[in-house]
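Inside the fold
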Amino acid sequence: MSTRTAIDSHDVAFERERGVVAVEVTRQVCHAVIDVGDGDDRPTRILNTFQTLATAHVPVFLIKLHRTAVTLGLAGLDAERAEAAIASGGMQVRLRCDLALIVVRASSMRDLSGIMSQIADALFVVGAHMLATGDSHSTVQCIIEDDRANAVAQELATVFGLEPSGIVQRPLPEAPKS
């Protein structure tokens, strides 16, 4: 006789769970466009941008490197400190702070077909604009206008068949005090 105990089906549900499991909404988000120019010293200016933000204790996310700019997301609470730090480094920044971060979470995005088009369609249906996107093995993230966040979350919950409890409001972590 085996000493192993039987495993109830609910104990292994996580292994079978497929598809979108949650839509997370984080408010008071900013999107920054930092002009780094082009030319041979562009990599140095990009590095200086991140060193300046790190020194000012400004956490960032959704970082994208473009030909003449770096774009990124940050908490609205850090916007003034980020703007001052970037300006002190001699760079120009454009900030938009009336935004929210929407995160669509699944156990494995690789197993889902057409997820980005479903998200884009849901944003279109409620009239939201996508300012930035990112993805990982288990999430797709979008920065959108804050005033559309509730409608987007509801539409995504409908599209992916989530219960209301599948919509989660998340605060952005605060930066450490210097």
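Criteria and thresholds
- Residues numbered from 1 in each chain as written.
- Predicted model: local features only at pLDDT ≥ 70, side-chain atom pairs only at ≥ 80, totals over all residues.
- Heavy atoms only, no water.
- Disulfide = S-S within 2.5 Å.
- Helix = DSSP H or I, 4+ residues; strand = E, 2+ residues; numbered from the N terminus.
- Buried < 20%, exposed > 50% of the residue type's maximum accessible area, 1.4 Å probe, protein only.
- pLDDT = per-residue confidence, 0-100.
- Contact = heavy atoms within 4.5 Å.
- Core = buried A, V, L, I, M, F, W, Y, C linked by side-chain atoms within 4.5 Å.
- Arc of directions from axis to C-beta.
- Salt bridge = Lys/Arg side-chain N within 4 Å of Asp/Glu carboxyl O.

**Section: the state of the cysteines**
Taken as a whole and assessed by the stated rule, the structure comprises one disulfide. Here cysteine 30 is linked by a disulfide to cysteine 97, with a sulfur-sulfur distance of 2.1 Å. The chirality of the disulfide connecting cysteine 30 with cysteine 97 is right-handed, given an S-S dihedral of about 115°. Residue cysteine 30 is found in strand E1 (residues 20-35), and its partner cysteine 97 is found in strand E4 (residues 92-106); the two are separated by 67 residues along the sequence. Relative accessible area serves as the criterion here: at 37%, cysteine 97 is assigned to the partly exposed category.

**Regarding unusual backbone geometry**
With phi around 60°, histidine 57 is a residue other than glycine that occupies positive phi space. Mapped onto the elements of the fold, histidine 57 is located in the loop between helix H2 (42-55) and strand E2 (61-65). Residue class for histidine 57 comes out partly exposed when judged on its relative accessible area of 31%. Located in the positive-phi region is leucine 62, a residue other than glycine, with phi close to 50°. Among the secondary structure elements, leucine 62 is positioned in strand E2.

**What about the confidence of the model for the chain?**
With 86% of its residues at a pLDDT of at least 70, the chain reaches an overall mean of 87. Predicted confidence is poor over residues 1-16, with pLDDT under 50, and the contacts of this stretch with residues over four places away or in other chains come to two contacts.

**With respect to the nonpolar core**
Counting residues in each nonpolar core, the largest one holds 25 residues, and the members touching the most others are Ile102, Val104, Ile115, Ile119, Val152, Leu156 and Phe160. Only E1, E4, helix H4 (115-125), strand E6 (139-145) and helix H5 (149-159) provide two or more residues apiece to this core. At five residues, H5 tops the list of elements feeding residues into this core. Once residues lying within four places of it in the same chain are set aside, the contact partners of isoleucine 119 are Val104, Val140, Cys142, Leu156 and Phe160. Core analysis: the next-biggest nonpolar cluster, separate from the first, contains 17 residues, Ala56, Leu74, Ala82 and Met91 among them.

**Here we look at the environment of glycine 127**
Within the secondary structure, glycine 127 is located in the loop between H4 and strand E5 (132-135). Taking C-alpha positions, glycine 127 is 9.1 Å from alanine 151, a pair spaced 24 residues apart along the chain.

**A few points about helix H3 (residues 79-88)**
The set of residues buried in H3 consists of Ala79, Ala82, Ala85 and Ile86. Looking straight down H3, one finds that the buried residues subtend no more than 135° of arc, so they occupy a single side. When the buried face of H3 is taken as reference, the exposed residues oriented beyond 90 degrees from it are Glu80 and Ser88. Downstream of H3 by one or two residues, glycine 90 has phi in the positive range, about 80°.

**What about the environment of aspartate 78?**
Mapped onto the secondary structure, aspartate 78 falls in the loop between strand E3 (69-75) and H3. Look at aspartate 78 and you get buried, because its relative accessible area is 3%. Residues aspartate 78 and cysteine 30, 48 residues apart in the sequence, show an inter-C-alpha distance of 8.8 Å.

**Observations concerning the pattern of salt bridges**
Tallied over the entire structure, the rule returns seven salt bridges. Linking glutamate 24 and arginine 105 is a salt bridge whose minimum nitrogen-to-oxygen distance equals 2.8 Å. Of this pair, glutamate 24 sits in strand E1 while arginine 105 sits in strand E4, and the two are 81 residues apart along the sequence. Its relative accessible area of 7% is what places glutamate 24 among the buried residues. By relative accessible area, which is 30% here, arginine 105 ends up partly exposed. One salt bridge connects arginine 81 with aspartate 78, and the closest N-O pair in it is separated by 2.6 Å. Overlapping salt bridges, with partners in common, bring together Glu24, Arg105 and Arg170 in one network.

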